[in-house]
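Next come the chains, spelled out residue by residue.
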Amino acid sequence: MYLVLSLALAVCSCTREADEDPLYLKYSLRQDITAAQLNGFRINDSVKVDVVILVADDSASWQSMKEEFDIRTSEGVTSWLGNIDNPRQRVKRSEVPLWRAMAVHDDHTIAFYRIATAEEFDALREYQLTMTENNIFAK
């Protein structure tokens, strides 16, 4: 199983800052979703990114989040690049800054990684590939 949220929280050496992202603020007010903002999540030795994580408290909330973010699949992991002001809107990699979104259906979780440069994009892709390989080979 792909554990985006668990891995992010387990290895995070992040700090909480007063600047709360609008995406975090919007969902932190919802009673049916647990929202977290991680600033400075370390991807590798030189790259850190900010992350917003949303966890639906139940199946109905998950269904609502899937509709809000136009997620049409219902199992595994769904990922997309989202507009920084409207994460539901899919964009091309060249449209930085952007969100790299990863929805994990089994966990009812969406992690949004704020990407501002090509270096951050490549580092996150390498990090996620490594985490996936480690999960597969650990079983």
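Residues numbered from 1 in each chain as written. Predicted model: local features only at pLDDT ≥ 70, side-chain atom pairs only at ≥ 80, totals over all residues. Heavy atoms only, no water.

(A) Spotlight on the overall build of the protein chain. Counting its regular elements, the protein chain contains 4 helices and 5 strands. Counting all 139 residues of the protein chain, 42% fall into the buried class. When contacts within the protein chain are restricted to residue pairs at least 6 apart in sequence, long-range pairs at least 24 apart make up 53% of them. Looking at the protein chain as shown, the accessible area adds up to about 7600 Å², and 51% of this sits on carbon and sulfur atoms. (Helix = DSSP H or I, 4+ residues; strand = E, 2+ residues; numbered from the N terminus. Buried < 20%, exposed > 50% of the residue type's maximum accessible area, 1.4 Å probe, protein only. Contact = heavy atoms within 4.5 Å. Areas by Shrake-Rupley, 256 points an atom, 1.4 Å probe, with all protein chains shown as cover.)

(B) Quick peek at the pattern of salt bridges. What the rule picks out here adds up to 7 salt bridges. Arg 88 is the salt-bridge partner of Asp 70, the closest N and O atoms lying 4.0 Å from each other. Separated by 18 residues along the polypeptide, Asp 70 in the loop between helix H3 (59-68) and strand E3 (77-83) and Arg 88 in the loop between E3 and strand E4 (98-104) bring together distant segments of the chain. The partly exposed category is assigned to Asp 70, whose relative accessible area is 23%. For Arg 93, the salt bridge identified is with Asp 122, shortest N-O distance 2.5 Å. Of the two residues, Arg 93 is situated in the loop between E3 and E4 and Asp 122 in helix H4 (residues 118-138); the sequence distance between them amounts to 29 residues. According to the relative accessible area criterion, Arg 93 is partly exposed, its value standing at 34%. When its relative accessible area of 31% is taken as the criterion, Asp 122 is described as partly exposed. (Salt bridge = Lys/Arg side-chain N within 4 Å of Asp/Glu carboxyl O.)

(C) Representation of the sheet that holds E4. Judged by pairing direction, the sheet is antiparallel, and its 5 strands sit side by side in the order E1-E2-E5-E4-E3 without closing on themselves. Looking at the sheet topology across the chains shown, the edges are occupied by strand E1 (33-42) and E3. Adjacent strand axes in the sheet meet at a mean angle of 20°, parallel and antiparallel pairs treated alike. (Pairing = 2+ DSSP bridges. Axes fitted to C-alpha atoms, helices over the stretch in contact; angles between N-to-C directions.)

(D) Structural view of the pairing of E1. In terms of burial, E1 is largely enclosed, as 7 of its 10 residues are buried. Alignment of E1 against strand E2 (residues 48-56), held across 8 bridges, turns out to be antiparallel. In the strand pairing of E2, Phe 41 is matched with Val 49. Taking the residues that link successive antiparallel strands as the turn, the E1-E2 hairpin has 5 residues.

(E) Spatial organisation of the side chain of Asp 21. If you trace the backbone, Asp 21 turns up in the loop between helix H1 (4-10) and helix H2 (22-28). Asp 21 has contacts with Gln 37, Val 52, Trp 99 and Arg 114, leaving out every residue within four places of it along the chain.

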